[in-house]
Amino acid sequence: VFGGIAAGLLVHSGRPRLLLPLALALALGLADDLADLPPRVRLACEAVIGVVAAVVVPAIPGPLGYVITAIAVVGLLNAVNLLDGLDALASGVGAVSAIGFALLGPGPRPLGLAIAGALCGFLVFNRPPARIYLGDAGAYLLGTALALACATALHADGAVTTWAALPLLVAVPVTDTAVAVASAFPAASEGAETAT
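Residues numbered from 1 in each chain as written. Predicted model: local features only at pLDDT ≥ 70, side-chain atom pairs only at ≥ 80, totals over all residues. Heavy atoms only, no water.

(A) Local environment of the packing of helix α4 (residues 63–83) against helix α7 (residues 135–156). α7 packs onto α4 with a crossing angle of 140° between their chain directions and a minimal axis gap of 7 Å. Handedness of the α4/α7 crossing: right-handed. In this structure, α4 contributes Thr69, Ala72, Val73, Leu76, Leu77, Val80 and Asn81 to the contact, and α7 contributes Asp136, Ala139, Tyr140, Leu142, Gly143, Thr144, Leu146, Ala147, Cys150 and Ala151. When grouped by side-chain class, the residues that make up the contact of α4 with α7 number twelve nonpolar, four polar and one charged. (Axes fitted to C-alpha atoms, helices over the stretch in contact; angles between N-to-C directions. Helix = DSSP H or I, 4+ residues; strand = E, 2+ residues; numbered from the N terminus. Left-handed = near helix turned anticlockwise from the far one by under 90°. Contact = heavy atoms within 4.5 Å. Nonpolar A, V, L, I, M, F, W, Y, C, P; charged D, E, K, R; others polar.)

Okay, structure coming up:
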C-alpha cells in the first residue's frame with residue numbers, strides 16, 4: 001500500500017514531503033505489529049507523527065492549522081486501526097473515502113487517487129477470504145493518509161463546503177470509534193458497581 005501511494009505521489013503530485021509522515025506511520029505500525037508497543041509509547045510516537053504531518057501540511061494558516069492536522073492524524077490513525085477487524089473493511093472504506101477526496105478538488109486529488117489506486121490493488125488480495133492483511137502497519141498508514149488528505153483539502157480550499165464534506169468522507173471510521181468508546185463506558189461503570 002505504501003509503495004502504491006508513494007508511486008502515485010511521486011509521479012503526479014510533486015509533493016514527496018507527504019511521504020515522510022506516511023513512512024513514519026508505517027514504521028510505527030510495523031514496530032507495533034512486531035513488538036506490541038505499550039500504549040504510552042505508541043501514543044507518544046503518534047503525537048510525533050502528527051507534529052511532522054502538521055509541519056508538512058498545516059490544515060489552515062496559523063497555529064490552529066498545525067493543531068488540526070496533528071489531531072486529525074492521531075485520531076484517524078487510531079480510528080482506522082479500530083475499524084480494521086474484518087477482511088476488506090478498512091481497505092474498502094479507505095478506498096471509497098479516497099475517491100471522495102479525489103473528487104473534492106484539485107488540492108487533495110493526487111493524494112486521493114494515490115490512496116485509492118493503492119487500496120484497489122490491495123483489495124484484490126484482501127477481499128474475503130483475505131490472503132493478506134493491513135495489520136497495524138497498514139492501518140496506521142491508511143489513517144495517516146486520510147488525515148493528510150483532509151489537511152491537504154483544507155490547505156488548498158478552506159471553503160465552507162470543504163469543511164462540511166470532510167466529516168462525511170471519514171464518517172465511517174470516526175463513527176465506529178465513537179461507538180466503541182461509548183460502549184466501553186457503560187461496561188466500565190457496571191464493572192465498578194459490581195466490585196463495590
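(B) A look at the pattern of salt bridges. On inspection of all chains with the given rule, the structure shows one salt bridge. The partner of Asp32 in a salt bridge is Arg42, with the nearest N and O atoms 3.6 Å apart. Residue Asp32 is located in helix α2 (residues 19–35), and its partner Arg42 is located in helix α3 (residues 39–56); the two are separated by ten residues in the primary sequence. Across this residue pair, the class does not change: Asp32 and Arg42 are buried. (Salt bridge = Lys/Arg side-chain N within 4 Å of Asp/Glu carboxyl O. Buried < 20%, exposed > 50% of the residue type's maximum accessible area, 1.4 Å probe, protein only.)

(C) Main features of a nonpolar patch on the surface. A contiguous nonpolar patch, built from Val51, Val55 and Tyr66 and spanning about 290 Å² of accessible area, is present on the exposed surface. Locating Val55 in the fold gives a position in helix α3. (Patch = residues over 30% accessible without salt bridge, like charges linked within 9 Å, V, L, I, M, F, W, Y side chains within 5 Å. Areas by Shrake-Rupley, 256 points an atom, 1.4 Å probe, with all protein chains shown as cover.)

(D) View of α2. For α2, spanning 17 residues, the distance from its first C-alpha to its last is 24 Å, which sits close to the expected 24 Å at 1.5 Å a residue. Burial in α2 covers these residues: Leu19, Pro21, Leu22, Ala25, Leu28, Gly29 and Asp32. The elements touched by buried residues of α2 are α1 (2–12), α3 and α7. Phi turns positive one or two residues past the end of α2, at Asp36, with a value near 50°. (Expected span 1.5 Å × (residues − 1).)

(E) View of the nonpolar core. Core analysis: the biggest nonpolar cluster contains 48 residues, and Ile5, Leu9, Leu22, Phe101, Leu111 and Ile115 have the highest contact counts within it. Counting only elements with at least two residues in this core, the list comes to α1, α2, α3, α4, α5 (89–104), α6 (109–126), α7 and α8 (160–169). Top contributing element to this core by residue count: α7, with 13 residues. Excluding residues that lie within four positions of it along the chain, Leu22 makes contacts with Phe2, Ile5, Leu9, Leu141, Thr144, Ala145 and Leu148. (Core = buried A, V, L, I, M, F, W, Y, C linked by side-chain atoms within 4.5 Å.)

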